Number of protein chains: 2
Amino acid sequence: MHYNDFVLQLPNWMETFLSFQATVYPTVEERMRLVIGLAQQNIEHGTGGPFGAAIFDMETKQLLAPGVNLVTSVNSSVFHAEIVAIIFAQQRVNTFNLGKEGLPPYELVASTEPCAMCFGAVPWSGVRQLVCGACDKDARQIGFDEGPKLPDWQESLEVRGITVLRDVCRDEAVAVLKQYAERGGIIYNAR
Amino acid sequence: MHYNDFVLQLPNWMETFLSFQATVYPTVEERMRLVIGLAQQNIEHGTGGPFGAAIFDMETKQLLAPGVNLVTSVNSSVFHAEIVAIIFAQQRVNTFNLGKEGLPPYELVASTEPCAMCFGAVPWSGVRQLVCGACDKDARQIGFDEGPKLPDWQESLEVRGITVLRDVCRDEAVAVLKQYAERGGIIYNAR
């Protein structure tokens, strides 16, 4: 049996969209707004679910890599926005550990709190900070399932040295979720 | 900023290795032994950590897709064996939900119990059964971190209709973990 290579591409609109954005994002709200913009673009272009994520350099405040949910467009349940951002970020710095010595600290910004899978991916990625917009409840409210998560998921990251900031521009993040639901976007939970 | 496409390839040895294996795997032990064989090959060829996984059709007992840990060879913390198997399986049947109506039930077999990330990926994949060889403790014993997992992770899958079988050929699975540790294989936990 031969298995074809799997090719993961960022959506076609990404490069143009980013070319109109800032090059530096000094505040956490500015970083979150970029990520909410990614979620918004993703639903506008029909390239996936209403979720965006990105990894930023915490020293220069620049974008290392963006991510959007690509589940429906690449036919794979794995490619949530956070996973996509982690993959492209690690490719850019050529390491499987963004926390490696010699690298600046990196931060993962997600338009919605991570599901069980993405939560589990955070410690392996090497990021030092996780910033969330909408919360689990907001995602559930439009029908998405966040999966079986630890009740104390925030603390379990913090004991590993990963700071967690929640509810950053939450209303703006929730607005994109609601817009997706109103447009009848696919809710693709499996189990 | 331009982001190159990310290409995920199964290791070069995979096709040849599989060409010498059975086409049908009637028992769960046979399926687990294939997966342990994948973990073994992965360390022999230096293509990643000592972990194998595969997705099988529960009706025909045939292999749908294999996976091995590719973290070190593709420089990405995301590509644990289970994630790789899910991606290639979903590509083969061209859907992000292996539990979709009209498909046979599928089973994920993993040479070691899933880490927090892979555990979270299981419900989204659409598989109906998870079969594990070595347990969390065995992975921890050689220095791998399983991440912040729900204490009742098995039950949390079962309430979602995903059966979990544990300790299948555990000793054989542990032997591969030990061999990796003895050879000084990279233990690549980030946090």
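Rules used throughout
Residues numbered from 1 in each chain as written. Chains lettered and ligands numbered in written order. Predicted model: local features only at pLDDT ≥ 70, side-chain atom pairs only at ≥ 80, totals over all residues. Heavy atoms only, no water. Helix = DSSP H or I, 4+ residues; strand = E, 2+ residues; numbered from the N terminus. Buried < 20%, exposed > 50% of the residue type's maximum accessible area, 1.4 Å probe, protein only. Polar contact = N/O pair within 3.5 Å; in protein donor to acceptor, adjacent residues only side chain to side chain. Contact = heavy atoms within 4.5 Å. Least-squares fit on C-alpha atoms with pLDDT ≥ 70 in both. pLDDT = per-residue confidence, 0-100. Salt bridge = Lys/Arg side-chain N within 4 Å of Asp/Glu carboxyl O.

### A look at the side chain of B:K149
Its location among the elements puts B:K149 in the loop between α6 (136-141) and α7 (153-158). Judged by relative accessible area, B:K149 falls into the buried class, the value being 11%. In terms of polar contacts, B:K149 uses its side chain to reach the backbone carbonyl oxygen of B:P114, at 2.7 Å. Non-local contacts of B:K149, meaning those with residues more than four positions away in its chain, are made with A:L150, B:E113, B:P114, B:C115, B:A116 and B:D136.

### Examining the relation of the copies chain B and chain A
Once chain B is rotated about the relating axis by 180 degrees and shifted along it by 0.0 Å, it coincides with chain A to within an RMSD of 0.0 Å. The transformation relating the two chain copies, once decomposed into turn and shift, fits a two-fold axis.

### What about the environment of A:E59?
All names here are of chain A. Counting through the fold element by element, E59 comes out in the loop between β2 (52-57) and β3 (63-68). Here the alpha-carbon distance between E59 and I86, two residues 27 residues apart in the chain, equals 18 Å. Look past the residues within four positions of E59 in its chain and what remains in contact with it is P104 and P105.

### Focus on the confidence of the model for chain A
Per-residue confidence for chain A gives a mean pLDDT of 96; residues scoring 70 or more make up 98%. The ipTM for the predicted assembly is 0.97, set against a pTM of 0.97.

### Some details on the interface of chain B and chain A
Opposite the 62 residues of chain B that make contact, chain A presents 62 residues. Summed over the shared surface of chain B and chain A, the number is 2 salt bridges. Residue A:R160 is joined to B:D145 by a salt bridge in which the shortest nitrogen-to-oxygen separation is 2.6 Å. For the side of chain B that touches chain A, the secondary-structure elements that each account for two or more residues are β1 (6-8), α1 (13-19), β3 (63-68), α3 (71-74), α4 (81-93) and α5 (116-125) of chain B. Ranked by the residues each element gives to the side of chain B that touches chain A, the list is headed by α5(B), at 8 residues.

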